[in-house]
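# Chain and residue survey
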Amino acid sequence: MTGQVSFDSHARSVLAASVEYVNRLTPGYSGGTPYSAPADDPESVTSAVADALTAIGYPPSARPPLEDSRRLVQLAQRMRLVFESAHAGDLDAAAAEINSLLVDTNARPQLDRGRDRPWSLHFHGPDEQLANGWAAGCAAGLALAVGSDLAGRLGVCAAPHCDRVFVDTSKNGQRRFHSPQCQSRVKAAAHRARHSTT
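In what follows, the accompanying structure is described. (Residues numbered from 1 in each chain as written. Predicted model: local features only at pLDDT ≥ 70, side-chain atom pairs only at ≥ 80, totals over all residues. Heavy atoms only, no water.)

When you go through the protein residue by residue, the secondary structure sums to six helices and six strands. In sequence order, the protein lays out its α and β elements as α-β-β-α-α-α-β-β-α-β-β-α. Relative to the 2.2 N^0.38 estimate, which gives 16 Å for 198 residues, the radius of gyration of the protein is 18 Å and therefore close to what a compact globule would have. Expressed along its principal axes, the backbone C-alpha trace of the protein runs to roughly 65 × 45 × 35 Å. For the protein, with 198 residues in total, the buried portion stands at 41%. Long-range contacts, defined here as pairs at least 24 residues apart, represent 57% of the contacts in the protein between residues at least 6 apart. With an accessible surface of roughly 10600 Å², the protein has 53% of that area assigned to carbon and sulfur atoms. (Helix = DSSP H or I, 4+ residues; strand = E, 2+ residues; numbered from the N terminus. Rg over C-alpha atoms; globule rule 2.2 N^0.38 Å. Buried < 20%, exposed > 50% of the residue type's maximum accessible area, 1.4 Å probe, protein only. Contact = heavy atoms within 4.5 Å. Areas by Shrake-Rupley, 256 points an atom, 1.4 Å probe, with all protein chains shown as cover.)

Shown next, in the form of structure tokens:
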């Protein structure tokens, strides 16, 4: 697929939130080093979720409620399955998990309008609880991606010892790394390998 990827601003924001939650709240590897998920103690969980919320532009304030934080950590683990399945080309598994998330979050569509903005489609949870809103929005954003020709744009970093996820919004759809640092690390290793044989 070529051309600019077309997600509306709400879809972009919930997909960006999905990436932040998965990358900040699930264990694995990041940039070549082990990455730990937040420990189950209240301070670690709420701190990690607060950092993820701040990274996506949510106003920094008091720590999110512990119940919401734990729910968002569970959501991140389930969304990781979606990214990994889509990246592996198993859209059936990705769709099955997304459908389960949509049911579990009770995501409901609603037209919302902001200041100086036209009406746009948003997805909300059954109430205004922090975790419900983000869970429903993220599930719907992933559904919009996988349910379109943009399913191949959900990726997992190709760098060795890195499993952080990304949404490829590049024109050519050839993104392979979650960060410029991982791309540089792989290029530097390839350069060293070429020059060590000469």
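Let us look at a nonpolar patch on the surface. Together, Leu-111, Trp-119 and Leu-121 make up an exposed nonpolar region whose accessible area comes to about 340 Å². One can find Leu-121 in strand β4 (residues 120–124). (Patch = residues over 30% accessible without salt bridge, like charges linked within 9 Å, V, L, I, M, F, W, Y side chains within 5 Å. Salt bridge = Lys/Arg side-chain N within 4 Å of Asp/Glu carboxyl O.)

Let us look at unusual backbone geometry. The residue Asn-106 is not glycine, and still its phi comes out positive at about 55°. Position of Asn-106 among the secondary structure elements: in the loop between α4 (91–105) and β3 (108–112).

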